[in-house]
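Observations on chain architecture
Spelled out from the first residue to the last, the chains are:
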Amino acid sequence: MLLTVEKPGRYTGGEYGRLAKRMPRDSPPQLNMLIAFPDLYEIGMSNQAFRIIYNTLNSFSGISCDRTFAPAPDFEELLRSRNIPLYGLDTGISLGSLDVLMFTLGYELGITGVLTMLDRSFIPLKRTERREGDPIVIMGGPCVSNPLPYERFIDAFWIGEAEAGFFDLAVELRDMKLAGALRGELLRKLHTHPSIWTGGKKRANRAMDSLFTSRPPLAAVFPVPSIKIVQHHGAVEIMRGCPNGCRFCHAGVWYRPMRQKNADTIREEAAAFINAGGYREISLSSLSTGDYRHIDSLVGMLNYEYASRHISFQLPSLRVSTFSMPLLEKVSAVRKSGLTFAVETPADAWQLAINKEVSRDTVAAILNEAKRNGWRSAKFYFMVGLPVGENGRKSEEQEIVEFILEIARRTGMNFNINVGTFIPKPHTPYQWAAQIDEKNARTKIEYIRDTLKKRGHRVSYNDPFIAVIEGVLSRGDGRVGELIEEAYVRGCRLDAWDEYIKKDLWTSLLEKNVILVQDIYQARNPEQSLPWDCIHSGASLFFLKREYEKSQRGELTLPCTNNCDNPCGNCNTITNVVYNSIHRDNLLYEKKPLLEKTQKQDPLTLRILFSFEKRDAAIFLSHLAMIEVFSMAFLRANIPILFTQGFNPNPKLDFASPVPLGIKATGEIANIDLNLHEGYDFSAEDFMQRINSCLPEGVIVKEAIKVRIPSGGKKHSIPSLLWGAIYQSLDDASDDFVRAQEEKNYRAALRTISGSPNFYLTRKAVLAKNPNNFNDEVSNHRYDSYFTVYRSLYPE
């Protein structure tokens, strides 16, 4: 059945490093939890909070934390038609059988995904209809800074950072369950926690991890996805919070104060992602990575340690004022990094209003220097609808166009520009501001797009209609819950995706609930209450009002420091302070990285030819996924391999023939070239032992030989030696010898005759032709095993 849906690998699990375990029946009871992400696998497995919760909860005895993701419509229909509940990918547990079901909501439009997952698990959508035996449904994430739109569906909301009490709370729930507590008692326990908000509770305080800077290293490495995800790299959080105080930024307020990890911790977490996870790209993540106190020397240190292994480090969020060419060169030492500038609004006065400075001179200077060093383009982000007041000046769309044209003239470069629609968010200084309406936003965006496109620039944009939905969901009250439920019932799913959102349905719903839309288009009185006043973010109401007034006057607020003269309320205790990393600065190297050249013309080449089996969940992994699976496994297994040349080097890994999706394979062939510079030597048996301990479920190396290709010798690629394969179907135990050029027609004919999908086929072996004695007319020389052919070509 899985072969009837797109990307079945989303739903099969089996990844390397799964942590949740199904306990034997005679084991003591455990607290069964599951972290659910209300979007597709490729998005959820990239989410840092999701991975932190999964890795941490599974470190406690007596707690099992499985994971699952929103189904795409085709898989949802499959579950519905077969009456199958949604399940955890590690243990297969039905979500309805859990003690605690947790959702993390990072984007408001994911809420219909929450309802999909509840419904497909046979859990009542409304919290008031749940009874003993149903799981407790908890939601966290930045979107619950205003929980009222979701209160209808969620039993309890965790407000803030999970490290600051949620894990301790989970342990208490575990102990209560072991003592015999039922669902109602566990709910009452949750209600008493100061960072839990439940319907009707007057106030909940955001939990802030005051030990962020001093905790032992925790790299949320596992599980390692077997299919390519949106952000397929290791993510080391080097700093939480942001010092800059951009007035439009919800995350900048929600994650205050800024806290920085020390270099030792970052180094250990990066090592875990590399050595245990197999990641060759590591993102040093934060809201403003350039503000990390020692960012230049930190990247230099990591390059010094890892560049020779083709490990690259990326800085995803650099403020223009922290941008430098030496830093960019360091992060591009292994793989070329892109240039991105989040300008937001172009006029100097408007930048002062949003508390952000990005001068044209600075941007032009950076780009000209980058151009001299090989960069040819850059990306810019802008927003329309910021409450900065045009005051008779040129319109913001005209200013954005002029900004880009001036920078292009001064640099001779073309750019990619993304334009979004500003949405005032709760707990920010702009929470009282009106949102720009869809028509005006679209007019501005289309002017920018049409004008710049003629000048050779590429303009993408976020649909202003989506911004209206997001504004209603993020700034509404309990009435929005009825809108969300009706949207789900009428078929809205995965609304963050252009290919899935049903704009016609949302249009009719918004027209029906026009009062909710009008609310977001109106400025709010700072002296009146707001729906989200039940949540205390840590920033005082006085501070937010003062920042709103300073925005209207165009006044800057300096970045956060200890003992600042513009307190926001977060640093009002000894533990809650702005924290700059000052530890172990002696570990931060200024040396240039040791960039060993990829082996080019060595006296000989060491190559390992190996066969592998692909079964169980692994049959749903594509050929591209298998390339990534082995590439990461080589790093985990500490096998020194060769890489291709160029800006983005890849392992010199080759497969004889891609195995089609859904076909079990017992004798696939691949080879990898080894790096002689590393100085390692090991046998083929050592290779098998190492690699098999680092592969996901269902992928097993069965045989291997190591050969030496002498200098000047012909290096036959294994696809060039391909003759064909041996197939066997469940309907017929006999072997079918099929030439490579006939395989596709053979499989299609067999499916037509038997009416069976690929799943009922096994590819038993891949066969080679020997270039030294191949003669198509002589039957006993038409094909042989790859190992026999290789032994005849090269010495072991």
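First things first, this report covers the structure right here in the doc. (Residues numbered from 1 in each chain as written. Predicted model: local features only at pLDDT ≥ 70, side-chain atom pairs only at ≥ 80, totals over all residues. Heavy atoms only, no water.)

1. Here we look at the state of the cysteines
This structure, assessed with the given rule, holds zero disulfides. You can see C143 has no disulfide; the closest cysteine sulfur is in C249, sitting 13 Å from it. (Disulfide = S-S within 2.5 Å.)

2. Focus: the environment of F212
Within the secondary structure layout, F212 lies in the loop between strand 7 (204-205) and strand 8 (234-237). Take F212: its relative accessible area is 5%, and that puts it in the buried class. Discounting chain neighbours no more than four positions away, the residues touching F212 are E237, M239, R240, R259 and K261. (Helix = DSSP H or I, 4+ residues; strand = E, 2+ residues; numbered from the N terminus. Buried < 20%, exposed > 50% of the residue type's maximum accessible area, 1.4 Å probe, protein only. Contact = heavy atoms within 4.5 Å.)

3. What about the nonpolar core?
By size, the foremost hydrophobic cluster in this structure holds 67 residues, and its most contacted members are L57, F610, F630, F634 and F687. Beyond its immediate sequence surroundings of up to four residues, F634 is in contact with F610, I639, I641, L653, I672, F687 and I691. (Core = buried A, V, L, I, M, F, W, Y, C linked by side-chain atoms within 4.5 Å.)

4. Topic: the sheet that holds strand 13 (residues 340-344)
Consider a sheet: its strands pair through backbone hydrogen bonds, and that pairing is either parallel or antiparallel. Ordered by their spatial adjacency, four strands build an open sheet running 13-14-15-16, and the pairing between neighbours is parallel. In the strand order of this sheet, the two ends are held by strand 13 and strand 16 (458-461), each with one partner. Put simply, the sheet's adjacent strands are angled 20° from each other on average, direction ignored. The pairing of strand 14 (residues 377-384) with strand 15 (residues 414-421) spans eight bridges and is classified as parallel. Bridged to K379 within strand 15 is N416. Its contacts with the sheet place helix 13 (residues 396-411) against strand 13, strand 14 and strand 15, and it is angled at close to 165° to strand 14. (Pairing = 2+ DSSP bridges. Axes fitted to C-alpha atoms, helices over the stretch in contact; angles between N-to-C directions.)

5. Some points on the pairing of strand 14
If a strand is regular, its side chains alternate between the two faces of the sheet. As paired strands, strand 13 and strand 14 are joined by four bridges and run parallel to one another. Paired with E344 across the two strands is F382, which belongs to strand 14.

6. Structural notes on the packing of aromatic side chains
A complete count under the given rule lists 32 aromatic pairs for this structure. Geometrically, the ring pair formed by F273 and Y279 is edge-to-face, given 5.9 Å between the ring centres and 65° between the ring planes. In this pair, the class of F273 matches that of Y279, namely buried. An aromatic cluster is defined as three or more aromatic residues linked by ring pairs; in this entry it consists of F610, F612, F630, F634, F655 and F687. (Phe/Tyr/Trp six-rings, centres within 6.5 Å; stacked < 30°, edge-to-face > 60°.)

7. Thoughts on unusual backbone geometry
Of note, the amide linkage connecting F222 to P223 takes the cis form, showing an omega dihedral of -10°. Geometrically, the link from R256 to P257 is a cis peptide bond, its omega value of -10° lying close to zero. Mapped onto the fold, P257 is located in the loop between helix 7 (250-254) and strand 10 (259-260). Of note in the backbone geometry, F122 takes a positive phi value of approximately 60° without being a glycine. Tracing the backbone through its elements, the reader meets F122 in the loop between helix 4 (111-119) and strand 4 (136-140). Even without glycine at this site, N355 takes up a positive phi of about 70°. Positionally, N355 belongs in the loop between helix 11 (348-354) and helix 12 (360-372).

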